[in-house]
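# Summary of structural features
Below, each chain spelled out in residue letters.
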Amino acid sequence: MSKIKDTDYLSISTRIRAMENRLLTRERMERMLEARADEDAAKVLSECGYEELGTLSHAALDEALARARAALYQEMKGAAPDPRLVEVFQLKYDYHNAKVLLKAHAMETDGSRLLMEGGRYAPAAIQEAFQRDDLRDFTGTFRQAVTQARELLSAGGDPQLADFVLDRAYFAEMRQTAQDTGSAFLQGYTALLVDAANLRSAVRAGRMGKGADFLNQVLLPGGNVDTHVLASGKSGDLAGVFRAGPLGDAAALGAALSTPGSGELTAFERACDDAVTAYLAQARRIPFGEQAVIGYLYARESEFTAIRTILSGRMAGLDAETIRERLREAYV
């Protein structure tokens, strides 16, 4: 692929700046939270370009978000000068679908309803290839990971180990794709995702009383913080290890929660996600370039999560304050 310049993004950057006006802002979230009826909360989404949900239900919500996600990636992949920017965000759906199919196969059940649209490959294509045991049309990293995880499960291995195999492949392919684009901004994003994943693993390991052997299995390479530092350190050192980086606040919270029987992780998880949002939000200060595409894709992914959190919470009978505590910082 010939070298792509930031000026090649002039047109799509202009389009994205206009589309950002329709994103789910904090003000719109508050209106959804305070709406008298669930259907009134859902109507706020029409301002963001979503179709009418009609009768609100979990199935209707799932279908609406799936359609919106598929449309987003189809549009952005066709418009972005480098489609690999989009693929970095699509990867997680491919690996999610692989996990679903592997576990359904191991349990001799049908996992079709749990497959998700939005990946590089159509769910039906992955399912058909999986059933034929022929993954030649997929990337080498994806193919090898699925094959290895399948062999583990077929031999009666721990399902968690199969998940580790797929997670490691997902992050490796994401990092490599970002590197292939040549975008320092995208590479910074993927490195931060690795750091956040490793921080979460370190906190959970401490809560389970697990040591370095476990961490060496689950920690991922490619972040800004060396895995050896995390694996050899104590839970109380987390705040110091991450202090100088964007995950400093999250690590301080995590350090206090890294022992068995410590408190809830809600605030810690939110702080991890908010650190990533703060990094991506820098894209809004850059007039044009690949940063606009990357930031917008992340913003829409965060929007899907917020919509599900609010509407699912309301349907479950949760009060506004409880739902509010689970929401992340808005991109806009």
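Let me begin by describing the structure that accompanies this report. All figures in this text were calculated on a predicted structure; none of them were measured in a lab.

Cut-offs used in this document
Residues numbered from 1 in each chain as written. Predicted model: local features only at pLDDT ≥ 70, side-chain atom pairs only at ≥ 80, totals over all residues. Heavy atoms only, no water. Helix = DSSP H or I, 4+ residues; strand = E, 2+ residues; numbered from the N terminus. Rg over C-alpha atoms; globule rule 2.2 N^0.38 Å. Buried < 20%, exposed > 50% of the residue type's maximum accessible area, 1.4 Å probe, protein only. Axes fitted to C-alpha atoms, helices over the stretch in contact; angles between N-to-C directions. Parallel < 35°, antiparallel > 145°, perpendicular 65-115°, else oblique. Left-handed = near helix turned anticlockwise from the far one by under 90°. Contact = heavy atoms within 4.5 Å. Polar contact = N/O pair within 3.5 Å; in protein donor to acceptor, adjacent residues only side chain to side chain. Expected span 1.5 Å × (residues − 1). Arc of directions from axis to C-beta. Phe/Tyr/Trp six-rings, centres within 6.5 Å; stacked < 30°, edge-to-face > 60°. Nonpolar A, V, L, I, M, F, W, Y, C, P; charged D, E, K, R; others polar.

### Comments concerning the overall build of the protein
Counting its regular elements, the protein contains 16 helices and 0 strands. Over its C-alpha atoms the protein spans a radius of gyration of 20 Å, differing by no more than 12% from the 20 Å that the globule rule assigns to 332 residues. When its C-alpha atoms are laid out on the principal axes, the protein stretches across 50 × 45 × 45 Å. Put simply, the protein has 332 residues, and 47% of those count as buried.

### Brief notes about the packing of helix H1 (residues 10-19) against helix H4 (residues 58-79)
Helix-helix packing: each pair is described by the crossing angle between the helix axes and the interaxial distance. With their axes 11 Å apart at the nearest point, H1 and H4 run at an angle of 155 degrees to one another. For the element pair H1 / H4, the angle class is roughly antiparallel. Like other packed secondary-structure pairs, H1 and H4 cross with a definite hand, here left-handed. Contacts from Ile12, Arg15, Ile16 and Met19 in H1 reach Glu75, Met76 and Ala79 in H4.

### Examining the side chain of Asp82
Its location among the elements puts Asp82 in the loop between H4 and helix H5 (84-107). Among the polar contacts listed, one links the side chain of Asp82 to the side chain of Arg84, at a separation of 2.9 Å.

### Some details on the environment of Ala172
Position of Ala172 relative to the elements: it lies in helix H8 (residues 159-181). Under the relative-accessibility criterion, Ala172 is labelled partly exposed at 28%. In this structure the C-alpha to C-alpha distance between Ala172 and Gly222, which are 50 residues apart in sequence, comes to 8.1 Å.

### Topic: helix H7 (residues 140-154)
With 15 residues, H7 ought to run about 21 Å at 1.5 Å a step, and its terminal C-alpha atoms sit 21 Å apart, in line with that. Turning to H7, its buried residues number three or more, namely Phe142, Ala145, Val146, Ala149, Arg150 and Leu153. End-on, the buried residues of H7 take up no more than an arc of 130 degrees, which puts them together on one face. Looking at H7, the residues exposed on the side facing more than 90 degrees away from the buried face are Gln144, Glu151 and Ser154. Residues of H7 that are buried in the fold lie against H5, helix H6 (123-132) and H8. Positioned one or two residues after H7, Gly156 has a phi angle of 80 degrees, which is positive.

### Some thoughts on the packing of aromatic side chains
The relation between two aromatic rings is expressed through the spacing of the ring centres and the mutual angle of the planes. As enumerated under the stated definition, the model contains 11 aromatic pairs in all. On the basis of an interplanar angle of 75 degrees and a centroid distance of 6.1 Å, the ring pair of Tyr189 and Tyr298 is categorised as edge-to-face. You can see Tyr189 sitting in helix H9 (residues 184-207) and its partner Tyr298 sitting in helix H15 (residues 290-315), a full 109 residues away along the chain. Assessed through its relative accessible area of 6%, Tyr189 is described here as buried. Residue classification places Tyr298 among the buried residues on the basis of a relative accessible area of 10%.

### Overview of H8
For H8, built from 23 residues, the straight-helix expectation of 33 Å at 1.5 Å per residue is met to within 8% by its first-to-last C-alpha distance of 33 Å. Where H8 begins, the side chain of Asp158 points an oxygen toward the backbone nitrogen of Gln160, at a separation of 2.9 Å. Backbone geometry just after H8 places Gly182 at a positive phi near 80 degrees.

### Some points on the side chain of Glu303
Tracing the backbone through its elements, the reader meets Glu303 in helix H15. Judged by its relative accessible area of 5%, Glu303 falls in the buried class. Once you skip the residues sitting within four places of it in the chain, Glu303 turns out to touch Arg22, Leu23, Leu24 and Tyr50.

### Some words on the packing of H9 against H15
In contact at an axis separation of 9 Å, H9 and H15 are set at 30 degrees when each is read in the N-to-C sense. As summarised for this structure, H9 and H15 are arranged roughly parallel, according to the angle between their axes. Counted together, Phe185, Leu186 and Tyr189 of H9 and Glu290, Gln291, Ile294 and Tyr298 of H15 form the full contact between these two elements. When the residues that make up the contact of H9 with H15 are grouped by side-chain class, the tally is 5 nonpolar, 1 polar and 1 charged.

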